[in-house]
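Fold and contact review
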Amino acid sequence: MEKIVSKDGTELAYDIYGSGPVLVLVAGGFTDRSRYFEDATALSATFTVVNYDRRGRGDSGDTLPYAVEREWEDLDAVRTATGARFACAYSSGSMVLLQAGLPFEKQAIMEPPFRVDGAPPAPERYLERLQEFVAAGNPGGAAELFMVEAVGQPKEVVDQIRQTPMWAGLEAIAHTLVYDALQLGDSSVPVELLASVDVPTLGLYSNASPEWLRRSVQEAVAALPQGTVQGHDGTFHTLPSATLARVLSDYFLTA
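A few points on the structure. (Residues numbered from 1 in each chain as written. Predicted model: local features only at pLDDT ≥ 70, side-chain atom pairs only at ≥ 80, totals over all residues. Heavy atoms only, no water.)

1. A word on the nonpolar core
Counting 38 residues, the largest nonpolar core has Val24, Tyr52, Leu75, Val78, Leu97, Phe104 and Leu194 as the members making the most contacts within it. Taken together, the elements giving at least two residues each to this core come down to β2 (11-17), β3 (22-26), β4 (48-52), α2 (68-82), β5 (86-90), α3 (93-100) and α10 (211-222). The contact partners of Tyr52, leaving out residues within four places of it in the chain, are Ala13, Tyr14, Val24, Leu25, Val26, Arg33, Leu75 and Val78. Judged by nonpolar contacts, the second largest core, of 23 residues, contains Met110, Ala245, Val247 and Phe252. (Core = buried A, V, L, I, M, F, W, Y, C linked by side-chain atoms within 4.5 Å. Buried < 20%, exposed > 50% of the residue type's maximum accessible area, 1.4 Å probe, protein only. Helix = DSSP H or I, 4+ residues; strand = E, 2+ residues; numbered from the N terminus. Contact = heavy atoms within 4.5 Å.)

See the structure below:
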């Protein structure tokens with residue numbers, strides 16, 4: 001593990017794998033860098049992979065008050081320190097990458113969860129309720145709200161997870177659900193923002209994801225000046241590490 005300091009003094013932890021052109025991974029919501037170990041390992045056959053903890057997660061710091069711009073600065077600090085040429089962002093982490101507007105040579109986004117037509121309705125007062133749970137010192141309430149109402153997991157499954165050792169780890173990063181909700185805003189496709197993204201961008205989705213989530217990637221890519229979209233076999237909201245490594249190698253390293 002290595003650390004750098006972001007513009008506001010926040011320490012950011014990261015791991016480095018492999019050798020080759022530098023690729024930074026930007027985590028999605030409710031995850032830390034441990035979630036992307038297998039992807040980083042597969043990608044390390046071609047790239048030097050930088051897998052960092054976004055602020056408030058894992059071994060990174062969390063200077064308050066939070067503002068979405070701080071995470072854009074964090075990504076820029078990681079890019080500058082490591083010389084990253086490429087970036088791949090997962091799920092809601094895509095908004096960090098897209099809004100940061102950094103001069104990567106190419107970038108990829110994996111299923112940003114924009115709520116297009118056909119998507120399940122957003123949970124009522126989602127951001128406000130997350131903030132209320134966090135303010136009340138109830139991270140488990142925030143985690144359950146996300147897992148049941150935002151993701152759609154059955155409550156009985158979440159109740160079972162509560163009884164496992166992994167629940168403490170989920171509670172430890174539950175406050176960052178507020179951060180991702182703020183990054184996403186109203187969760188609509190940010191057409192104006194996307195039109196300003198002047199970086200070749202690959203939008204990826206799993207063929208096993210719901211139709212609305214696949215369409216969210218397609219609509220986002222359609223708004224990008226240099227957008228490309230690909231679907232591949234996988235599971236819900238996830239592509240196999242070997243598939244991701246092959247696809248990103250082809251996309252990033254082809255002139």
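From this point, the narrative continues.
2. Describing the side chain of Ser94
When you line up the elements, Ser94 lands in helix α3. A relative accessible area of 0% means that Ser94 is categorised as buried. Beyond its immediate stretch of four places on either side in the chain, Ser94 contacts Ala89, Ile109, Met110 and Pro112.

3. So, α3
For α3, the tally of buried residues reaches seven of eight residues, placing the bulk of the element in the interior. One or two residues past the end of α3 sits Gly101, with phi positive at roughly 60°.

4. Things to note about the side chain of Ser92
Here Ser92 lies in the loop between β5 and α3. At a separation of 2.6 Å, a polar atom in the side chain of Ser92 contacts the side chain of Asp180. Contacts of Ser92, omitting those with residues within four sequence positions, involve Gly28, Gly29, Pro113, Asp180 and Leu184. (Polar contact = N/O pair within 3.5 Å; in protein donor to acceptor, adjacent residues only side chain to side chain.)

5. Some thoughts on the environment of Ala181
By the secondary structure assignment, Ala181 is in helix α8 (residues 176-184). Among the residues examined, Ala181 registers a relative accessible area of 11% and is labelled buried. Considered as a pair, Ala181 and Thr82 are 99 residues apart in the sequence and their alpha carbons are 28 Å apart. In this view, Ala181 contacts Tyr126, Leu127 and Leu130; residues no more than four positions away in its chain are not counted.

6. A few points about the packing of aromatic side chains
Applying the stated criterion across every chain, the model contains eight aromatic pairs. Taking the centre distance of 6.1 Å and the plane angle of 80° together, the rings of Phe47 and Phe86 count as edge-to-face. Of this pair, Phe47 sits in the loop between α1 (37-43) and β4 while Phe86 sits in strand β5, and the two are 39 residues apart along the sequence. The residues Phe47 and Phe86 share a single accessibility class, namely buried. (Phe/Tyr/Trp six-rings, centres within 6.5 Å; stacked < 30°, edge-to-face > 60°.)

7. Topic: the pairing of β3
With five of five residues buried, β3 lies mostly within the body of the structure. Of the two faces of β3, both are covered, the one formed by Val22, Val24 and Val26 as well as the one formed by Leu23 and Leu25. Bridge analysis of β3 against β4 gives four bridges, and the strand direction is parallel. Paired with Val24 across the two strands is Val50, which belongs to β4. After leaving β3, the chain enters α1 and then returns to the sheet as β4, a path that is right-handed. Alignment of β3 against β5, held across four bridges, turns out to be parallel. Within the sheet, the bridge partner assigned to Leu25 lies in β5 and is Cys88. (Pairing = 2+ DSSP bridges. Right-handed = clockwise from strand over helix to strand, strands pointing away.)

8. Side note on the sheet that holds β4
One open sheet accounts for eight strands, arranged β1-β2-β4-β3-β5-β6-β7-β8; its pairing is mixed. In this open sheet, the two strands that pair with only one neighbour each are β1 (2-5) and β8 (227-232). Neighbour to neighbour, the strand axes of the sheet diverge by 25° on average, direction disregarded. The sheet contact formed by strand β7 (residues 201-206) and β8 spans six bridges and is parallel. When the sheet's bridge partners are listed, Tyr205 is paired in β8 with Gly231. Taken strand by strand, α3 contacts β3, β5 and β6 (106-110), and its axis lies near 150° from that of β6. Taken strand by strand, helix α11 (residues 241-253) contacts β3, β5, β6, β7 and β8, and its axis lies near 160° from that of β7. (Axes fitted to C-alpha atoms, helices over the stretch in contact; angles between N-to-C directions.)

9. Here's the deal with the pattern of salt bridges
Inspection of every chain in the model, using the stated rule, returns 18 salt bridges. We note a salt bridge from Asp159 to Lys155, for which the minimum N-O separation is 3.0 Å. Highlighted residues: Asp159 and Lys155, both in helix α6 (residues 155-162), separated by four residues, approximately one helical turn. (Salt bridge = Lys/Arg side-chain N within 4 Å of Asp/Glu carboxyl O.)

10. Some details on unusual backbone geometry
Note: most peptide bonds trans; most residues except glycine with negative phi. The linkage connecting Leu64 with the following residue, Pro65, adopts the cis geometry, with an omega of 5°. Tracing the backbone through its elements, the reader meets Pro65 in the loop between β4 and α2. The phi angle at Arg125 is positive, at roughly 50°, despite the residue not being glycine. With respect to the element layout, Arg125 can be found in the loop between β6 and α4 (126-135). Overall, the relative accessible area of 42% leaves Arg125 in the partly exposed class.

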